[in-house]
Amino acid sequence: MATLRDAVIETMLLDEEQFRRRLPDLVETHQLRSVDPEPADESPAAILQDLDGFEPDSVTAFERDLIARMVRLGTVPVGLTLTGPAYQDNPVRYATQTFQEMTGYSLAALRGENLRLLQGPATDSDAIATLQEGIDIWEQRTVELWNYRADGTRFRNRVTIVPLTGPDGSITNWLGVQKAIDTTDD
């Protein structure tokens, strides 16, 4: 799954025009049958208006562009989250359908929350420290840890965080890529 994770990250970091050109290759290479490789020519704001209960004006223009891409990738077999602004405890701005299904949290329950809400008694403090170090020094990190769904069941999660550079060149947000790697509770 690392190959898909890396390809999704690489695709998400492209500008809109490059994203549109790269998307069909991503879909074909990884056999992502649930993803439309030729998305409609809708503006990011129009895509967000179609999301139930989501206010496009509640995010920046930069975030709208990222979220529109995430909507298009919403059913890939890895969860995607956008958090930020980085200086405000990284609240969730958007989470894909796959992430919502993996965790049992709706977008409404996630928005404005920090993803530490997934932590619980068995969450490894060393993994959390590794993620925090990445945030502190603005670098990508990947860890595996126990997280907890909305119903309290735990699952093994491979989490990658990627800093996102905004239009002014500063890191404004974080892209999270999550994959449940073990759904048994042993």
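Attention here is on the structure that accompanies the text. (Residues numbered from 1 in each chain as written. Predicted model: local features only at pLDDT ≥ 70, side-chain atom pairs only at ≥ 80, totals over all residues. Heavy atoms only, no water.)

1. Concerning the packing of aromatic side chains
- Considering all chains together, one arrives at one aromatic pair under this definition.
- Look at Trp138 and Trp174: their rings are 6.2 Å apart centre to centre, the planes differ by 10 degrees, and that puts the pair in the stacked class. In this pair, Trp138 is assigned in the loop between helix 7 (125-137) and strand 3 (141-148) and Trp174 in strand 5 (residues 171-182), connecting sequence segments 36 residues apart.
- For Trp138, a relative accessible area of 40% translates into the label partly exposed.
- Using a relative accessible area of 2% as the deciding quantity, one classes Trp174 as buried.
- Above the face of the Trp146 ring, Arg154 is positioned so that its terminal group lies 3.8 Å from the ring centre. (Phe/Tyr/Trp six-rings, centres within 6.5 Å; stacked < 30°, edge-to-face > 60°. Helix = DSSP H or I, 4+ residues; strand = E, 2+ residues; numbered from the N terminus. Buried < 20%, exposed > 50% of the residue type's maximum accessible area, 1.4 Å probe, protein only. Lys NZ or Arg CZ within 6 Å of the ring centre and 35° of its normal.)

2. Remarks on unusual backbone geometry
- For Gln31, which is not glycine, the phi torsion reads 50 degrees and is therefore positive.
- With respect to the helices and strands, the residue Gln31 is situated in the loop between helix 2 (16-29) and helix 3 (44-49).
- Despite not being glycine, Trp138 shows a phi value in the positive range, around 60 degrees.

3. Here we look at the environment of Glu16
- With respect to the helices, strands and loops of the structure, Glu16 is situated in helix 2.
- Residues Glu16 and Leu66, 50 residues apart in the sequence, show an inter-C-alpha distance of 8.8 Å.
- Once residues lying within four places of it in the same chain are set aside, the contact partners of Glu16 are Arg69 and Arg72.
- There is a polar contact of 2.8 Å between the side chain of Glu16 and the side chain of Arg72. (Contact = heavy atoms within 4.5 Å. Polar contact = N/O pair within 3.5 Å; in protein donor to acceptor, adjacent residues only side chain to side chain.)

4. Examining the side chain of Gln178
- Inspection of the secondary structure assignment puts Gln178 in strand 5.
- Residue classification places Gln178 among the buried residues on the basis of a relative accessible area of 4%.
- When near neighbours in sequence (up to four residues on either side) are disregarded, Gln178 contacts Val78, Gly79, Leu80, Thr81, Phe99, Met102, Leu115, Asn157, Arg158 and Val159.

5. A word on the nonpolar core
- Ranked by internal contacts, the top residues of the largest apolar core, which has 35 residues, are Val8 and Leu73.
- With five residues, the single largest contributor to this core is helix 1 (residues 2-12).
- Setting aside residues up to four positions removed in sequence, Leu73 forms contacts with Val8, Met12, Phe19, Leu23, Leu26, Val35 and Leu80.
- Core analysis: the second largest hydrophobic core is formed by seven residues, Ala127, Val143, Ile161 and Trp174 among them. (Core = buried A, V, L, I, M, F, W, Y, C linked by side-chain atoms within 4.5 Å.)

6. Observations concerning the pattern of salt bridges
- Under the counting rule described, the total for this entry stands at eleven salt bridges.
- With its nearest N and O atoms 3.9 Å apart, the salt bridge here joins Arg22 to Glu10. Residue Arg22 is located in helix 2, and its partner Glu10 is located in helix 1; the two are separated by twelve residues in the primary sequence.
- The shortest N-O distance in the salt bridge between Arg158 and Glu144 comes to 2.7 Å. Here the residue Arg158 occupies a position in strand 4 (residues 154-165), and Glu144 occupies one in strand 3, the gap between them amounting to 14 residues.
- Residue Glu144 is classed as partly exposed on the basis of its relative accessible area of 33%.
- Here the salt bridges do not stand alone but share partners, grouping Glu16, Arg20, Arg69 and Arg72 into one network. (Salt bridge = Lys/Arg side-chain N within 4 Å of Asp/Glu carboxyl O.)

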